[in-house]
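Fold and contact review
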Amino acid sequence: MAGTNANRVLLVEDDQAIAIVMIAALEEEGFAIEHCASMAERDRWLSRQTFDVMVTDVMLEDGDGLDSLEAVREIAPKMPVIVLSAQNTLDTAVRASDSDAFEYFPKPFDLDEVVQAVQQACGARQLASGIAADDLPEDDGMPMVGRSQAMQGVYRMITRVLRNDLTVLVTGESGTGKELVAEAIHQLGSRRSGPFIAVNTAAIPADLIESELFGHEKGAFTGAIAQAIGKFEQANGGTLFLDEIGDMPAEAQTRLLRALQSGRIRRVGGRQEIAVDVRIVAATNRNLVPMIATGAFREDLYYRLNVVPIHLPPLRERREDIDVLSQHFLAQAADDGLPRRRFTPDAMHALESRNWRGNVRELRNVIYRLALMARDDIIDATNLEDILGDEALAPGTTAENVDSGISQALNQWLHDEHPASGTVYAQALAAFEKPLIEHALGETSGNQLRAAKLLGINRNTLRKRIGELGIQPDRFARPV
Ligand SMILES: Nc1ncnc2c1ncn2[C@@H]1O[C@H](COP(=O)(O)OP(=O)(O)OP(=O)(O)O)[C@@H](O)[C@H]1O
């Protein structure tokens, strides 16, 4: 029997032969197993102990295991259930799926597959319960924090792609956790022993993208002084995360499509095609559908990538996660050597009412800033306001209140006997430009190249205006 730290599995199976084989296979993988043969015994076990996963047969001595799953959910709502069944009917499969079983295996099943599913269900449970990083073994799944309905849907989608290599397209605003989803898919899935390679296609100059993705041969272009292996080859046997896929130039899109279709790549300047075994997770914060209409994004590439879509809702649509996320980042900040802090309920309420246009990334930055700058270990709403300024308590920045804010200021400048009247035009532009640039920097975690792109202005112009307007771009940098 495995040690006390092992994941605990409850096996409900009345076929002794199957039970013996399953117990041996699961114990070999380090699981701690309890076995019973009836629903009555099962319920007794569940009321006494917690299990990470339950594996259950359908036809049991005292009834139908699927019919009684409701009762199981009441005792252990988060525990994934794997269903084994000798009645290989569509009806049983549908009932298993309706009962939200983590996985369903018709008998006879492949033992290795069931063991693998048990391992993945344990990973999924850790994901779904937003376990703290410390509770996970170092090489185990990346924890994603948040228990909102919306995140439960995301976790469910993640668990569906762990046992296959289907291409995943993660969408959502900047800072919602798209890269974290890609990492979770890799670390909890069957490719976890392979490499995880992330490429931000927006950060690479257009003329270097192909060589970055596919590599190049020596002398392929000016500056190619040696052969280079691209990200596709580096990710062989693992996962390639293509971030900001909506920013990929047209030519690179075509070559990417070809690589996805054939499973082979060719280095720039090379003649040979090289087979690669890579799982693709792509992400974008842009809506690709209108980009297809304007020809900015290839439709066929879109369908290739969008096999399994996973959408991350913005933080303002899952405010119930803000508390647990904030606690998570406070703990992380303390682990990173910053003082250990706590929030009063009113401070937490203030955090929960913000708009969080920069989503979880902005929340993380703000929590780090608070951990660094607060004077007391307990942070209340007033401290919060002092450190973050009015923005901390401001309601969401909707288009309407931006508009009404602007017209209020204009009215004041135009009608009041303002000392600077006659300069309203310049004043209004300056008043608008600074927060606009600051928002763009917030959105891109201080990355000026991406901020310039987002605003549609030249990078040098942006740098100049940052200096002239006295903006401190470091304020927006992602904490390390
Ligand atoms: N659910 C979550 N639990 C814990 N941390 C999270 C969660 N979601 C996001 N984060 C953290 O927030 C930050 C931003 O997340 P991430 O980089 O994955 O966002 P993104 O959507 O890929 O952003 P972008 O589109 O700008 O690349 C990271 O530090 C990440 O670890």
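Residues numbered from 1 in each chain as written. Predicted model: local features only at pLDDT ≥ 70, side-chain atom pairs only at ≥ 80, totals over all residues.

Next up on the list: the overall build of the chain. A tally of regular secondary structure across the chain gives 20 helices and 18 strands. Expressed as a percentage of the 480 residues in the chain, the buried residues total 36%. Sequence separation of at least 24 residues holds for 70% of the intrachain contacts in the chain that already meet a minimum separation of 6. (Helix = DSSP H or I, 4+ residues; strand = E, 2+ residues; numbered from the N terminus. Buried ≥ 20, exposed ≤ 12 C-beta atoms within 10 Å, placed from the backbone. Contact = placed C-beta atoms within 7 Å.)

Our focus in this paragraph is the environment of D100. Mapped onto the elements of the fold, D100 is located in the loop between helix 4 (90–98) and strand 7 (103–106). Looking at D100, the number of C-beta atoms within 10 Å reads 11, which means it is exposed. When the C-alpha positions of D100 and P80 are compared, they lie 8.6 Å apart, and in sequence the two are 20 residues distant.

Let's shift gears to the sheet that holds strand 2 (residues 32–36). Taken in spatial order, the 5 strands make up an open sheet running 2-1-3-6-7, and their pairing is parallel. In this open sheet, the two edge strands, each paired with only one partner strand, are strand 2 and strand 7. Averaged over all neighbouring strand pairs, the angle between strand axes comes to 15 degrees, with direction disregarded. Sheet topology note: the strand 1 (residues 8–12)/strand 3 (residues 53–57) ladder contains 4 bridges and is parallel. By the bridge assignment, V12 is partnered in strand 3 with T56. In this fold helix 1 (residues 16–28) packs onto strand 1 and strand 2, with an angle of close to 165 degrees to the strand it touches most, strand 2. Contacts from helix 2 (residues 39–48) reach strand 1 and strand 2, with the element oriented near 140 degrees to strand 2. (Pairing = 2+ DSSP bridges. Axes fitted to C-alpha atoms, helices over the stretch in contact; angles between N-to-C directions.)

Averaged over all residues, the pLDDT of the chain is 83; the fraction at 70 or higher stands at 84%. Ignoring residues within four places in sequence, the model shows residues 130–142, a span with pLDDT below 50, making 25 contacts including any to other chains. Note on residues 392–404: pLDDT under 50 across the span, and 12 contacts to partners over four residues away in sequence or across chains. The complex prediction reports pTM at 0.62, with the ipTM value standing at 0.99. (pLDDT = per-residue confidence, 0-100.)

Time to look at the nonpolar core. Counting residues in each nonpolar core, the largest one holds 63 residues, and the members touching the most others are I158, V170, V181, I185, V281 and L363. Take this core: its biggest share by element is 6 residues, from helix 15 (residues 359–373). Two domains each provide a minimum of three residues to this core, namely domain 2 (158–311) and domain 3 (319–392). Judged by nonpolar contacts, the second largest core, of 33 residues, contains C36, M39, V55 and V72. (Core = buried A, V, L, I, M, F, W, Y, C linked by C-beta atoms within 7 Å. Domains from an automatic or database assignment.)

Before going further, it helps to spend a moment on the site of the ligand. By nearness alone, 19 residues border the ligand, and S174, G177, K178, E179 and V360 come closest of all. Put simply, the parts of the chain that give the shell around the ligand at least two residues each are helix 7 (178–188), helix 13 (322–335) and helix 15. Broken down by class, the residue content of the shell around the ligand amounts to 6 nonpolar, 8 polar and 5 charged. No fewer than three residues from each of domain 2 (158–311) and domain 3 (319–392) sit in the shell around the ligand. (Near = placed C-beta within 6 Å. Nonpolar A, V, L, I, M, F, W, Y, C, P; charged D, E, K, R; others polar.)

What follows covers helix 6 (residues 149–160). Over its 12 residues, helix 6 extends 17 Å from the first C-alpha to the last, a length consistent with the 16 Å expected when each residue adds 1.5 Å. Taken together, the buried positions of helix 6 are M151, V154, Y155, I158 and T159. In an axial view of helix 6, the angular spread of the buried residues amounts to 135 degrees, which keeps them on one side of the axis. (Expected span 1.5 Å × (residues − 1). Arc of directions from axis to C-beta.)

Within the open sheet, the 5 strands sit side by side as 9-12-15-8-16. Their pairing is parallel. Across the chains shown, the open sheet's two edge strands, defined by having one partner strand only, are strand 9 (196–200) and strand 16 (308–311). Here the strands of the sheet are splayed against their neighbours by 20 degrees on average, with no regard to which way each runs. The pairing of strand 8 (residues 168–171) with strand 16 spans 4 bridges and is parallel. Paired with V168 across the bridge in strand 16 is V308.

This brings us to the pairing of strand 8. Every second residue of strand 8 is oriented toward a common face, with V168 and V170 on one face and L169 and T171 on the other, all of them buried. In this structure, strand 8 lies alongside strand 15 (residues 279–284), joined through 4 bridges in parallel fashion. Bridge pairing links L169 to A282 in strand 15.

Attention now goes to the packing of helix 13 against helix 14 (residues 345–353). Axis separation between helix 13 and helix 14 bottoms out at 10 Å; the angle between their running directions is 110 degrees. Taken together, the axis directions place helix 13 and helix 14 in an arrangement best described as roughly perpendicular. Crossing hand, helix 13 versus helix 14: right-handed. On helix 14, the residues that touch I322, D323 and S326 of helix 13 are M348, L351 and E352. (Parallel < 35°, antiparallel > 145°, perpendicular 65-115°, else oblique. Left-handed = near helix turned anticlockwise from the far one by under 90°.)

So, about helix 19 (residues 448–455). Taken residue by residue, helix 19 has R450, A451 and A452 as its buried positions. Directly beyond the C-terminal end of helix 19, a positive phi value near 75 degrees is found at G456.

This part takes up unusual backbone geometry. In this model, E244 sits at a positive phi of 55 degrees, which is unusual for a non-glycine residue. Along the chain, the position of E244 falls in the loop between strand 12 (239–243) and helix 10 (250–262).

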